[in-house]
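# Architecture and fold: a report
Read off the chains here:
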Amino acid sequence: MLTIQELVSDNTDRVTFKWLAGEQAATHIILDPGMASADLVGHLNLIHPARIQVFGLEELSYYTRFDIKRRQHHLDDLALGGVPAIIVASGADAPPDLVSFCAQHHVPLLATPLDAAELIDQLRIYLNKRLAPKTILHGVFLDVLGLGVLITGESGLGKSELALELISRGHGLVADDAVEVSRTSPNVIEGQCPPLLQNLLEVRGLGLLDIRTIFGETSVRRKMNLKLIVHLVRANPDNFERLPVQDRTESILGVDILQVMLQVAAGRNLAVLVEAAVRNTILNIRGIDTMGEFIERQALAIMESTRQANE
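So, here's what we can say about the structure. (Residues numbered from 1 in each chain as written. Predicted model: local features only at pLDDT ≥ 70, side-chain atom pairs only at ≥ 80, totals over all residues. Heavy atoms only, no water.)

## Structural notes on the packing of aromatic side chains
Per the counting criterion, the structure on display carries two aromatic pairs. Aromatic pair Phe55 and Tyr63: ring centres 5.7 Å apart, planes at 85°, arrangement edge-to-face. Note on accessibility: Phe55 and Tyr63 belong to one class, buried. When the centroid spacing of 4.9 Å and the interplanar angle of 90° are considered together, the rings of Tyr62 and Phe66 count as edge-to-face. Since its relative accessible area comes to 32%, Tyr62 is described here as partly exposed. (Phe/Tyr/Trp six-rings, centres within 6.5 Å; stacked < 30°, edge-to-face > 60°. Buried < 20%, exposed > 50% of the residue type's maximum accessible area, 1.4 Å probe, protein only.)

## Comments concerning the layout of surface pockets
Considered as a void within the structure, the second largest pocket measures approximately 420 Å³ in volume. In this structure, the second largest pocket is lined by 18 residues; those nearest its centre are Lys129, Arg130, Glu190, Gln192 and Lys223. Mapped by element, the contributors of at least two residues to the lining of the second largest pocket are helix 6 (116-130), strand 6 (134-144), strand 8 (172-185) and strand 9 (188-192). A per-class count over the lining of the second largest pocket returns four nonpolar, six polar and eight charged. (1 Å grid on protein atoms, 1.4 Å probe; cavity = no way out; pocket = protein on both sides within 12 Å on 5 of 7 lines; lining within 4 Å. Points joined across faces, edges and corners; volume = space filled by probe spheres on them. Helix = DSSP H or I, 4+ residues; strand = E, 2+ residues; numbered from the N terminus. Nonpolar A, V, L, I, M, F, W, Y, C, P; charged D, E, K, R; others polar.)

In structure tokens, the structure reads:
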């Protein structure tokens, strides 16, 4: 849920707003979370009245060409369509009839010196992140070789100890235990740490560790895009696929994220295995399929062996 007042307050460091009318109503008007961010704000458009209407210089020129009666008709259409707010951009002066209408109908009206196109871009980026689908995942989220990696598994398998070893090897902590993730675009899952747990890692026997204080500024990250899930499982050779042919994925907020499974057993260097998994994922992202190339190589070897046997 997002009100017009919250939108204005959240963007005061990037956009200079001046209230012209309807400020009290701004705390009650809620933007529709079901609409795409691109549909929530845009240039003046009478066909889509339920968006934040931005009046730039061109829109004001169009608006002031009409007589007062025609202007009133257009404004009535906007109000009837549920316009959440109107912003006069590019440092232009708001026409008196527009100010009067917004004050009378309790429509938030603001002005800004920012160019209309730049304002729309700023607000769409903000709305895309603010209204993105969100959830909380359990695990440790790290930056490993520039890739966002979520380590998951049941309690007691050593997720935090593995994370600590990876951090000591130069990788970065994003979040421990509770990871806030959001789908910031159709194929991008972004993860970050709740403010309460910022920079903290819980390790059994040691308690809470302030990673930033212990390892320095470069040991923590504010946020990362999730690209790989490393799922730890207890060692069970009888129920484990040694050489998976098909890539495993896990759906997070409707986006399929690559997943690898690592067995936890004495003598296994899980940190090295995680780094290897990350390097292999980077190759996959670049279009290099090691398993696929091996299968092709094997098929060619079988064909060659069959040919030689028939000669």
